[in-house]
Amino acid sequence: MPLFRVYVAGVGEKKQTGSGQSKVEVAAFLERNASRKNHPLLRRFTPGSVVRARRFNCRVEIATCFLCSITLRALATISAQVLLNGGQVVSWKNDRGEELLFMSSKANWKSSKAIRGGISVCLPQFGNLGSLFHRSPRNKLWSIDSCPSPRDATTNRSSVDLLFKPTEEDTKMWQRSFELRLHISLGPGKLTLVPRLRNTDNKSFAFTFSICNYLSVSDISEVRVEGLETLDYFDNLLKRKRLTEQADAVTFDGEVDRVYLHTPANIAVIDHEKKRTFVLHKEGLADAVVWNPWEKMAKAIPELGDHDYKNMLYVCSAAFENPIVLKPMEEWKGGQELSTVSSSYCSGQLDPQKVLLYAKLAHPQQ
């Protein structure tokens, strides 16, 4: 039985204001579970409250059994599902209803802990550099931002803005005060995440950051990652030894765990069997992580199924080697856009130049 359900914005649900301008304004509907009236999630919404949103062209559904999720929709079948717990994207489906993100077969949807899979953000330390890695906002409850940043009104996407503010207890643990905002938008063939972090402390601090993507692939042994050739990387399987990529693409016949440095804005993940290519475009995040645990390591990870590694690829947009430094009240902004294109073949191989050219045309400023 759902704990509560809130409908925010729907096609055509527009109200004319006195100035003649159109705003999306939809009354929130709350369905309470009498046995759990005091659940903290319930207190975030009140019956009959009004939620204003700029530029939702599709309905956003907030529903939960234990976890609260937001579903963004575009057209009939394109969707993305976001959990308020961790600000984590746990589903992204294309116009054919195909799931594009990997989710562990052992995912525990009744736990408040982060779920292995989807897309999540990690800070203030990334790459298992210390205990702070395990205390990131991935395991914390986010809220819907009541003051979203202004956006281009000409774009036609369904979106939501999330906000994470550390509690007093969190601040003691992290020893720094900040506000993290995350704008998530969905359009045909594209899913965009734009994080903004403001230093609300009275002193400067440094942090590393990543947007961690678990992509769904047909067979990891048939996947190629283009755009990282000739780059230096840290190999975590060799005690973070610094090496240079010699191959023309990253391929997989065993465990891979690397942090590529000073990477280009566009990286292509080519799935030969599905004839589909993910294009990862990133801004403000200089590095990239590529990981697949393969068979032995997959069996050693409790929240991952023994054979899940075959259908997953972990790729991160990251600021790793050079931490970001923020002065008091200063703000940092990053971002990534995931898009999909159909692969074209020539003698059984995809032409990577066509894929990367597509990405450059989509982002000419790069």
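Residues numbered from 1 in each chain as written. Predicted model: local features only at pLDDT ≥ 70, side-chain atom pairs only at ≥ 80, totals over all residues. Heavy atoms only, no water.

> Summarise the overall build of the protein; cite the residues concerned and give the values.
Broken down by element type, the protein carries three helices and 26 strands. Counting across all 366 residues of the protein, residues that qualify as buried make up 53%. Within the protein, contacts between residues at least 6 apart in sequence are counted, and of these 66% link residues at least 24 apart. Surface exposure of the protein reaches about 17,300 Å², of which carbon and sulfur atoms provide 49%. (Helix = DSSP H or I, 4+ residues; strand = E, 2+ residues; numbered from the N terminus. Buried < 20%, exposed > 50% of the residue type's maximum accessible area, 1.4 Å probe, protein only. Contact = heavy atoms within 4.5 Å. Areas by Shrake-Rupley, 256 points an atom, 1.4 Å probe, with all protein chains shown as cover.)

> How would you sum up the confidence of the model for the protein? Please name residues and give values.
Counting all residues, the mean pLDDT for the protein is 75, and 67% of those residues have values of 70 or more. Low pLDDT, under 50, characterises residues 126-135; the stretch is placed with 27 contacts to residues that sit more than four places away or in other chains. Contacts from residues 345-350, a stretch scored under 50 in pLDDT, to residues over four places away or in other chains number 14 contacts. (pLDDT = per-residue confidence, 0-100.)

> Outline the pattern of salt bridges, supporting the account with residue identities and numerical values.
Enumeration according to the criterion identifies 14 salt bridges in this entry. Its salt-bridge partner being glutamate 321, residue arginine 242 comes within 2.9 Å of it at the nearest N-O pair. You can see arginine 242 sitting in strand S17 (residues 241-244) and its partner glutamate 321 sitting in strand S22 (residues 312-326), a full 79 residues away along the chain. Owing to a relative accessible area of 41%, arginine 242 belongs among the partly exposed residues under this scheme. Put simply, Asp95, Arg96, Glu98 and Arg276 are held in one network by salt bridges that share partners. (Salt bridge = Lys/Arg side-chain N within 4 Å of Asp/Glu carboxyl O.)

> I'd like a rundown of the packing of aromatic side chains, residues and numbers included.
For the coordinates displayed, the defined rule picks out 11 aromatic pairs. Where phenylalanine 209 meets tryptophan 332, the ring centres are 5.0 Å apart and the plane angle is 55 degrees; that geometry is what we call tilted. Placement of the pair is phenylalanine 209 in strand S14 (residues 205-216) and tryptophan 332 in strand S23 (residues 331-333), with a sequence separation of 123 residues. On the basis of relative accessible area, tryptophan 332 is assigned to the buried category, the value being 10%. An aromatic cluster of three or more residues is present, and its members are Phe102, Tyr214, Trp291 and Tyr314. (Phe/Tyr/Trp six-rings, centres within 6.5 Å; stacked < 30°, edge-to-face > 60°.)

> Can you explain the pairing of strand S20 (residues 276-283)? Please cite residues and give values.
Of all eight residues in S20, seven are buried; the element is thus mostly enclosed. What sits between the antiparallel neighbours strand S19 (residues 266-271) and S20 is a turn of four residues, in which lysine 275 has the positive phi angle 50 degrees. The pairing of S20 with strand S24 (residues 335-342) spans eight bridges and is classified as antiparallel. For arginine 276, the partnering residue across the bridge sits in S24 and is serine 342. (Pairing = 2+ DSSP bridges.)

> Give me the environment of glutamine 88: which residues, what numbers.
Mapped onto the fold, glutamine 88 is located in strand S8 (residues 88-93). The spatial distance from the C-alpha of glutamine 88 to the C-alpha of cysteine 212 is 9.8 Å, given a sequence separation of 124 residues.

> If you had to explain the state of the cysteines to someone new, which residues and values would you point to?
A full pass over the atoms with the stated rule returns zero disulfides. Looking at cysteine 212, it has no disulfide partner, and the nearest cysteine sulfur is the one in cysteine 316, 3.3 Å off. (Disulfide = S-S within 2.5 Å.)

> Go over the nonpolar core, please, and point to the residues and values.
Counting 75 residues, the largest nonpolar core has Ile184 and Leu313 as its most contacted members. A per-element tally of this core places S22 first, with 10 residues. Beyond its immediate stretch of four places on either side in the chain, leucine 313 contacts Asn213, Tyr214, Leu215, Val217, Ile220, Val223, Val225, Phe252, Val269, Val290 and Trp291. (Core = buried A, V, L, I, M, F, W, Y, C linked by side-chain atoms within 4.5 Å.)

> With reference to specific residues and values, describe unusual backbone geometry.
Phi at histidine 262 takes a positive value of approximately 50 degrees, unusual for a residue other than glycine. Within the secondary structure, histidine 262 is located in the loop between strand S18 (256-260) and S19. In this model, methionine 329 sits at a positive phi of 70 degrees, which is unusual for a non-glycine residue.

> Could you give me a rundown of the environment of asparagine 108, with the residues and numbers involved?
Here asparagine 108 is to be found in the loop between S8 and strand S9 (119-122). Exposure remark for asparagine 108: the relative accessible area of 43% places this residue in the partly exposed category. C-alpha separation for the pair asparagine 108 and glutamate 303, spaced 195 residues apart in sequence, amounts to 8.3 Å.

> Outline the pairing of S9, supporting the account with residue identities and numerical values.
Where burial is concerned, the two faces of S9 agree: the one with Ile119 and Val121 and the one with Ser120 and Cys122 are both buried. Looking at chain direction, S9 and S14 are connected through four bridges and run antiparallel. Bridge pairing links serine 120 to cysteine 212 in S14.

> Mind laying out the side chain of serine 216, listing which residues take part and the relevant values?
Mapped onto the elements, serine 216 comes out in strand S14. When residues no more than four places from it in sequence are discounted, the contact partners of serine 216 are Glu99, Leu100, Leu101, Phe102, Asp271, Lys274, Arg276, Phe278 and Asn311.

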